[in-house]
Each structure stands twice: as C-alpha cells, then as structure tokens.
Amino acid sequence: MNPTHYVVALLTLGLTTTSFSQSIIQLPTRHRHPLTGNRRIRADDSLYCASWRFSVETNDAGAWSSIPARCQDYVKEYVSGDRYLSDSDVVAGESLAFIRTVNVSAEDAGFESDKWSEIFDSNTFNEWVDLAEAPALPASLRFYKELQELGVTIFLLTGRDEFQRNVTVKNLAYAGYSNWERLFLREPSDEGKLATLYKSEKRLQIEDEGYTIQGSSGDQWSDLQGFAVAKRSFKLPNPMYYIA
C-alpha cells in the first residue's frame, strides 16, 4: 500500500510571502459594496460584517482585495477574540475526525497557525518574520500533536521564501512544532507564481514520490484548490486577506 500523508498548509503563521507584488491587506477609507454602491446598508455593522465574513470564508466572495472599512474593527475583534479560536477549534476537530477514519499505512501530515498581524509592506513583513516569535494557533498545535500520535507523516507547505527557511524553522520550534517530514518554501523558480499553482505543484511532487494525500488544511482557498488536491480539504478561518 502506498504511504498515506495528511498535508496541511503551514503557510501562514498569519503570514504570506514577499514573492507577491500585490498588497496583502488593504484598508480603504471607504468601501463600495457591489450591490449597494455607496449607499450604507441599513443594518447593524456587526450583522453586515458577520455576513461579509461568511461570504469570504465560503469563497462566495471570490477574489477580494480589502476589508470593508466598516468591518475593520469587527475583523480585528474577531481574530483576537474567542469566536476565532472556537471556529478554528471546530475545523481542527472535523479534520481530526476525518483522519481517524483513514487506514494509515505509514504516516500522515498537517499544520496551520494564524495570528492577527497588521502587515502592510514587504519590509514590515520581513522584519516580523525575522523575529521568529509568531505563536501557534492553539487548535492547530493540538491537531498537529494528535496527528503525530496517530502516526501521520507531516508535510508543511508555506508561501514564505527559501531564504527565510532558518528563521521559519526557528519560529516553528518556538511555537511548539517539531518532527515534520518536510518543509516546503518558495524557491527562486517559484517566484511570481500564484499560490494555487505553486502549492499544487508541491502537492504533485509529494504524490509523484508515491504518497497519497488524504487531507489538507489552510486558511486560504489557494492552499486547497488547483490540482493534486487532497481527498479532504479543511478551510481555516481568515477574513484578514485573500491570496490567489
């Protein structure tokens, strides 16, 4: 039987990569809703913003470039509060329930960690990465440990660049992660590739080595879509930014 792997996009630690030329988080001074134009929706902001976040998380919004101005405080409160932790915990629980149904023939894989982070330009981002102090999302760390106990081989796939490998490994150790099978970062040949293509190619590389990718998780749809996709994919919450 082929080795079985549960692949998860390490991806963020609340981060993205400097390989992208576009801004990651754009905070506009005003938001033009596609249906209502500049007319303010007659509803409480928290209700509207909860619906906006639902549209983002289900990918109904498709490619989006900015948090609506009226939702910036809502999003910051969400990702720094109990609801974000609870949503992440539910996703981790569903992921764990699935992997327990898999007949693991060798080992399997997984990991994702997020935190609120105001990243506005590549210099700020790189300085933040160099600190190597991004904490793990508690639900993701628990899930990671559970996968290890189940004998799952863990692949980490991130949008960070190869030159950030040492600081990324340092950050992973700081956050409590260890003993993964392999950590993929963007090589020079990956520069300029959309995340969907880059991560699909890395998953295909894993499959070409004889592994079956049973599961995958990440906080971007580009972590999960494309080709060489997992048998099951699990989308973690992230209403902060969109990466194609």
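Residues numbered from 1 in each chain as written. Predicted model: local features only at pLDDT ≥ 70, side-chain atom pairs only at ≥ 80, totals over all residues. Heavy atoms only, no water.

Per an unreviewed UniProt entry, the protein is named Acid phosphatase, and its organism is Escallonia herrerae. Note on the protein: under the UniProt heading Sequence similarities (unreviewed entry), the record states "Belongs to the APS1/VSP family." (UniProt positions renumbered as here; feature names shortened; annotations may be inferred.)

J.: What am I meant to see in the packing of aromatic side chains here?
T.: The description of an aromatic ring pair uses the distance of the two centres, along with the angle that the planes make with each other. Summed over the entire model, instances satisfying the criterion amount to 7 aromatic pairs. With a centroid separation of 6.0 Å and an interplanar angle of 45°, the aromatic rings of Phe-98 and Phe-234 are classed as tilted. One end of the pair, Phe-98, is in helix 3 (residues 82–99); the other, Phe-234, is in strand 5 (residues 232–235), and 136 residues separate them in sequence. Take Phe-98 and Phe-234: they sit in the same class, and that class is buried. Relative to Tyr-177, the ring of Tyr-144 lies with its centre 4.8 Å away and its plane at 90°, an arrangement referred to as edge-to-face. Here Tyr-144, found in helix 5 (residues 138–149), pairs with Tyr-177, found in the loop between helix 6 (165–175) and strand 3 (182–186); they are 33 residues apart in sequence, far enough to count as distant. Here Tyr-144 matches Tyr-177 in class, with each residue buried. By the ring-pair criterion, three or more aromatic residues cluster together here, those being Trp-52, Trp-64 and Tyr-242. Cation over ring: Arg-53 sits above Tyr-78, and NZ or CZ is 4.1 Å from the ring centre. In this structure, Arg-186 packs its charged tip against the face of Tyr-198, placed 4.5 Å from the ring centre. (Phe/Tyr/Trp six-rings, centres within 6.5 Å; stacked < 30°, edge-to-face > 60°. Helix = DSSP H or I, 4+ residues; strand = E, 2+ residues; numbered from the N terminus. Buried < 20%, exposed > 50% of the residue type's maximum accessible area, 1.4 Å probe, protein only. Lys NZ or Arg CZ within 6 Å of the ring centre and 35° of its normal.)

J.: Just to check I follow, could you spell out the pattern of salt bridges for this structure?
T.: For side chains of opposite charge, pairing can occur when their charged atoms come near one another. Inspection of the entire model under this criterion finds 11 salt bridges. The salt bridge involving Lys-193 is made with Asp-190; its shortest N-O contact spans 3.3 Å. Here Asp-190 falls in the buried class, since its relative accessible area comes to 3%. Where Asp-223 meets Lys-199, a salt bridge forms, and the shortest distance between an N and an O atom there is 2.7 Å. One end of the pair, Asp-223, is in the loop between strand 4 (212–218) and strand 5; the other, Lys-199, is in helix 7 (residues 195–208), and 24 residues separate them in sequence. We classify Asp-223 as buried; its relative accessible area is 2%. Owing to a relative accessible area of 2%, Lys-199 belongs among the buried residues under this scheme. The network of salt bridges with shared partners includes Asp-190, Lys-193, Glu-201 and Lys-202. (Salt bridge = Lys/Arg side-chain N within 4 Å of Asp/Glu carboxyl O.)

J.: What is the right way to read the state of the cysteines from this model?
T.: Note on terminology: disulfide describes a covalent bond linking the sulfur atoms of two cysteines. Throughout the structure, instances matching the rule amount to 1 disulfide. Across the disulfide, Cys-49 is cross-linked to Cys-71 (sulfur-sulfur distance 2.1 Å). Residues Cys-49 and Cys-71 are joined by a disulfide whose S-S torsion is about -90°; by sign, that bridge is left-handed. Here Cys-49 is found in helix 1 (residues 45–57), whereas its partner Cys-71 is found in the loop between helix 1 and helix 2 (72–79), with 22 residues between them in sequence. Exposure remark for Cys-49: the relative accessible area of 1% places this residue in the buried category. (Disulfide = S-S within 2.5 Å.)

J.: Is there a simple way to think about a nonpolar patch on the surface in this case?
T.: A cluster of nonpolar residues, Leu-194, Leu-197, Leu-204 and Phe-227, forms a patch on the protein surface that exposes about 320 Å² of accessible area. By the secondary structure assignment, Phe-227 is in the loop between strand 4 and strand 5. Taking the relative accessible area as the measure of exposure, Phe-227 reaches 37% and is therefore partly exposed. (Patch = residues over 30% accessible without salt bridge, like charges linked within 9 Å, V, L, I, M, F, W, Y side chains within 5 Å. Areas by Shrake-Rupley, 256 points an atom, 1.4 Å probe, with all protein chains shown as cover.)

J.: Is there a simple way to explain the pairing of strand 2 (residues 153–161) in this structure?
T.: Side chains on a regular strand alternate between the two faces of the sheet. In terms of burial, strand 2 is a largely internal element, 9 of the 9 residues being buried. Of the two faces of strand 2, both are covered, the one formed by Thr-153, Phe-155, Leu-157, Gly-159 and Asp-161 as well as the one formed by Ile-154, Leu-156, Thr-158 and Arg-160. Judged from the 4 bridges that link them, strand 2 and strand 3 form a sheet pairing that is parallel. The partner of Leu-156 across the bridge, within strand 3, is Leu-183. Between the parallel pair strand 2 and strand 3, the chain is carried across by helix 6, and the sense of this crossover is right-handed. (Pairing = 2+ DSSP bridges. Right-handed = clockwise from strand over helix to strand, strands pointing away.)

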